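Understanding the architecture of this molecule
Chain by chain, the residues:
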Amino acid sequence: MTEQQEKMRFREAIDHTLIGLEGNPFLYQRVAAQVEKGEKKMKASFARCIVIALIVVMCMSTVAVAAMMLNYSPEASALKLAMEAVMDKYGLSQTALGLFTHDVRATDEGMVFEFRCDVVAVDGHEVAGRYIVTVPEKGEPAAAWSYDAADPAIWQSGDMDAPIWGPVQLETFLRERTHAGTVDYRVNIRDDAVSAATPTPAPVFDTAPVWTVEPDVVLDANDLSEEQARELAVAALTDTYRLTDDDALQMDVFRCDMRASSEGDHQWHVNAYLYHDGYDWNMYVIIDAVTGEIIDIGMQTGGNG
Amino acid sequence: MSVVKGPDSEREESIRQMICDHQTALLRMCYLYLHDAQLAEDAVQETFIKAYRAWDSFRGASSVKTWLTRIAIRTCMDMRRGFWFRHVERRVTPEMLPDRAQEAREDESALTLAVMNLPKKEREVVLLYYYQDLNVNEIADALGVMQPTVSYRLRRARERLRTELEGRENHD
């Protein structure tokens, strides 16, 4: 069966099942009435509406422009796919994945991301293991877990004393650490865990520039303004982590610094905080100041533990 | 004497024609996405209101159907972001399907239910690809994601549907 035939059969099956759902013969009148009602309101209180509309248009245009301009580097694009692959295959939430930091390397098969949990047992063994995702140039990402070969019964029980932690234990850990403030699990946060508050991306490719803080970097005429960088960062974070418009409004962009790579390229390093579904999200974005490309993006789940 | 129509009447006629041509398919797509006939009707009405208002900016870069589908799916996505939807994802059962669904063949209603019970992201791409006949580029544009993401979700959805429907056949 060809793809077109497959689609046709699909549509027929749906249409036969939903035959009871028919369009409304008066829909045009309802739509026209709604539009007209909106226009009449506009005339009735012209001055007030113009002010509100201008504010809305200003807000809309900045968000829309930022969204339209989103342009991810190959690494940042692949990272999004890698995160989705882990979440889809292993059932981790985005918040749980925020307990992991990632490294990336280029291989013949594509970009390989390694997500390593910041939570380890006191004896150093990695209870949550590592998730490794290969994102090929073409085709689907393939995710694996360092505990794929282990008996699932070990971690599926949700037992916090189990030597392997799956999604259930990670969620419990997040809950206890965040809400109770004290935790007595036999785990420590890894000493070398990368802090999202001060992003220090590792040089992952031979050609990748090493980031250095250049306090005297001066804004160039070709550079994005700080305001544009902030808007782009919010749009990129909203897009990457599938956040809502409300989340975007609540997001606190608390730092936006101009820095330079060793090659002299200007970048905006942006840090943002969001209280999301009961958890602290610390996020960062690195933006090419000239092209607006999202060079790197990351999120870590925080808490008060 | 010929009557010269102004831009407003042209727009009205175009919208009237769009509603006539596309509202039923959009209603069914919104229903499959939202799992609620009343909400689906609201989403379709909202879609055409948005289309009416944005008609002057429609340049014909895509077909009218693609344009409307994009507006409709985004309207549905906005509706789903509400508190209730974020916390409740009901599994749809045959009894929850609209009137006259029992007139369909069993395999047809099984497919409909399987699609409705797909995870949201996979459901989106399946509806746009198979039901609304958008291509991968158009879907990526409508959902604001990259093309490989669409292909990946589509593949996952196919696998899931195949497993679900084959499991059902074996069970029967």
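Residues numbered from 1 in each chain as written. Chains lettered and ligands numbered in written order. Predicted model: local features only at pLDDT ≥ 70, side-chain atom pairs only at ≥ 80, totals over all residues. Heavy atoms only, no water.

Once that is clear, we can look at the state of the cysteines. Considering all chains together, one arrives at zero disulfides over all chains under this definition. The thiol of B:Cys30 is not disulfide-bonded; the next cysteine sulfur, from B:Cys76, is found 3.5 Å away. (Disulfide = S-S within 2.5 Å.)

All names here are of chain A. Judged by which residues are buried, strand β5 (residues 142-145) turns out to be one-sided: Ala143 and Trp145 face inward and are buried, whereas Ala142 and Ala144, on the alternate face, are not. Across four bridges, strand β4 (residues 130-135) lies against β5 in antiparallel orientation. Within β5, the position partnered with Thr134 by the bridge is Ala142. Count of turn residues in the β4/β5 antiparallel hairpin: six residues, of which Gly139 carries a positive phi of about 105°. (Buried < 20%, exposed > 50% of the residue type's maximum accessible area, 1.4 Å probe, protein only. Helix = DSSP H or I, 4+ residues; strand = E, 2+ residues; numbered from the N terminus. Pairing = 2+ DSSP bridges.)

Our focus in this paragraph is helix α1 (residues 3-17) of chain A. All names here are of chain A. With 15 residues, α1 ought to run about 21 Å at 1.5 Å a step, and its terminal C-alpha atoms sit 21 Å apart, in line with that. Buried within α1 are the following residues: Lys7, Phe10, Arg11, Ala13, Ile14 and Thr17. Viewed along the axis of α1, the buried residues span an arc of 160°, placing them on a single side of the element. (Expected span 1.5 Å × (residues − 1). Arc of directions from axis to C-beta.)

Turning to the pattern of salt bridges, a few remarks are in order. Following the criterion strictly, the structure yields 20 salt bridges over all chains and no others. One salt bridge in this structure joins B:Arg160 and B:Glu122, with 2.8 Å as the shortest N-O distance. Residue B:Arg160 is found in helix α8 (residues 147-171), and its partner B:Glu122 is found in helix α6 (residues 120-131); the two are separated by 38 residues along the sequence. The class of B:Glu122 is buried, set by a relative accessible area of 4%. What emerges from the salt-bridge pattern is a single network uniting A:Glu114, A:Arg116, A:Glu126 and A:Arg130. (Salt bridge = Lys/Arg side-chain N within 4 Å of Asp/Glu carboxyl O.)

Contacts between chain B and chain A engage 51 residues on the former and 43 residues on the latter. Both sides together, the interface formed by chain B and chain A hides about 4,400 Å², and carbon and sulfur atoms give 58% of it. Joining chain B to chain A, the criterion identifies seven salt bridges. The salt bridge partner of B:Arg28 is A:Asp15, with a shortest N-O separation of 3.0 Å. Along the contact surface separating chain B from chain A lie 17 residue pairs in polar contact (both at pLDDT 80 or more). (Contact = heavy atoms within 4.5 Å. Buried area = accessible area lost by both parts, 1.4 Å probe. Polar contact = N/O pair within 3.5 Å; in protein donor to acceptor, adjacent residues only side chain to side chain.)

Moving on, we get to the nonpolar core. Residue and element names in this part refer to chain A. Judged by nonpolar contacts, the single largest core of 67 residues is most densely connected at Phe100, Phe115 and Ile287. The leading source of residues in this core is helix α4 (residues 74-90), at ten residues. No fewer than three residues from each of domain 2 (73-193) and domain 3 (194-305) sit in this core. Among all residues touching Phe115, those that are not within four sequence positions of it are Leu79, Ala82, Met83, Val86, Leu97, Phe100, Thr101, His102, Gly129, Arg130, Tyr131 and Val133. (Core = buried A, V, L, I, M, F, W, Y, C linked by side-chain atoms within 4.5 Å. Domains from an automatic or database assignment.)

Right, let's talk about unusual backbone geometry for a bit. Residues and elements named next belong to chain B. Backbone geometry at Arg100 places phi at a positive 75°, although glycine is not the residue there. Within the secondary structure layout, Arg100 lies in the loop between α4 (83-87) and α5 (106-116). A relative accessible area of 39% places Arg100 in the partly exposed class. In this structure, Asp133 is a non-glycine residue whose phi angle is positive, near 60°. Along the polypeptide, Asp133 turns up in the loop between α6 and α7 (136-143).

This brings us to the sheet that holds strand β2 (residues 110-117) of chain A. Residues and elements named next belong to chain A. Strand order in this open sheet of four strands is β1-β2-β4-β5, and the pairing throughout is antiparallel. Where the open sheet ends on each side, the last strands, each with one partner, are β1 (100-107) and β5. Averaged over all adjacent pairs, the angle separating strand axes in this sheet is 20°, with direction ignored. As judged from the six bridges shared by β2 and β4, these two strands associate in the antiparallel manner. Bridging from a neighbouring strand, Met111 pairs with Val135 of β4. (Axes fitted to C-alpha atoms, helices over the stretch in contact; angles between N-to-C directions.)

All names here are of chain B. Looking at where Val92 falls in the secondary structure, it is placed in the loop between α4 and α5. In this structure, the C-alpha to C-alpha distance between Val92 and Leu32, residues 60 residues apart in sequence, is 10.0 Å. For Val92, the residues in contact, after removing those within four places along its chain, are His35, Leu113, Met116 and Asn117.

This part is about the packing of aromatic side chains. Scanning the model with the defined rule gives 14 aromatic pairs over all chains in all. The cationic tip of A:Lys7 hangs over the ring face of B:Tyr129; the distance from NZ or CZ to the ring centre is 3.9 Å. (Phe/Tyr/Trp six-rings, centres within 6.5 Å; stacked < 30°, edge-to-face > 60°. Lys NZ or Arg CZ within 6 Å of the ring centre and 35° of its normal.)

This part covers the confidence of the model for chain B. Residues and elements named next belong to chain B. When pLDDT is averaged across chain B, the result is 84; 88% of the residues are at 70 or more. Considering each helix and strand of chain B separately, the mean pLDDT is smallest for α4, with a value of 50, and largest for α6, with 93. Within the model, the stretch residues 1-5 combines pLDDT values under 50 with two contacts to residues more than four positions away or in other chains. (pLDDT = per-residue confidence, 0-100.)

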